[in-house]
Amino acid sequence: MDTKAYDKIPGDANLDGTLDISDATEIQRHCATFITLGKIASHLADVNRDGTISIEDATKVQRILADLD
Ligand SMILES: [Ca+2]
Ligand SMILES: [Ca+2]
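Counting residues in hydrophobic clusters, the biggest one holds twelve residues: Ala13, Leu19, Ala24, Ile27, Leu37, Ala41, Leu44, Ala45, Val47, Ile53, Ala58 and Val61. Residue assignment for this core shows that the elements contributing at least two residues are helix H1 (21–31), helix H2 (39–45) and helix H3 (55–65). The element best represented in this core is H2, accounting for three residues.

Taken residue by residue, H1 has Asp23, Ala24, Glu26, Ile27 and His30 as its buried positions. The buried residues of H1 occupy an angular sector of 155° when projected down its axis, which confines them to one face. Buried residues along H1 sit in contact with H2 and H3. Count one or two residues on from H1 and you reach Thr33, which has phi positive near 60°.

Let's shift gears to the environment of Leu37. Structurally, the position occupied by Leu37 is in the loop between H1 and H2. For the pair Leu37 and Ala13, spaced 24 residues apart in the sequence, the C-alpha separation amounts to 7.6 Å. Setting aside anything within four residues of it in sequence, one finds Leu37 in contact with Ala13, His30, Ser42, Ala45 and Ile53.

Rules of the game
Residues numbered from 1 in each chain as written. Chains lettered and ligands numbered in written order. Predicted model: local features only at pLDDT ≥ 70, side-chain atom pairs only at ≥ 80, totals over all residues. Core = buried A, V, L, I, M, F, W, Y, C linked by C-beta atoms within 7 Å. Buried ≥ 20, exposed ≤ 12 C-beta atoms within 10 Å, placed from the backbone. Helix = DSSP H or I, 4+ residues; strand = E, 2+ residues; numbered from the N terminus. Arc of directions from axis to C-beta. Contact = placed C-beta atoms within 7 Å.

Here you go:
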């Protein structure tokens, strides 16, 4: 396993190195089962660290982007 991957940005679900609205969309797409995130993406997508990827994580990303958290 590439442990460096785990140094990536929390919430960076599409693994492009930046956190933006497309990551929230990616998490929403995963929740809606349109896509399935890979292992590293899943790790990063669980922003609130509750062990599951849910709409709460997408909301958390949006809050981070809006500087609310
Ligand atoms: Ca991203
Ligand atoms: Ca979560």
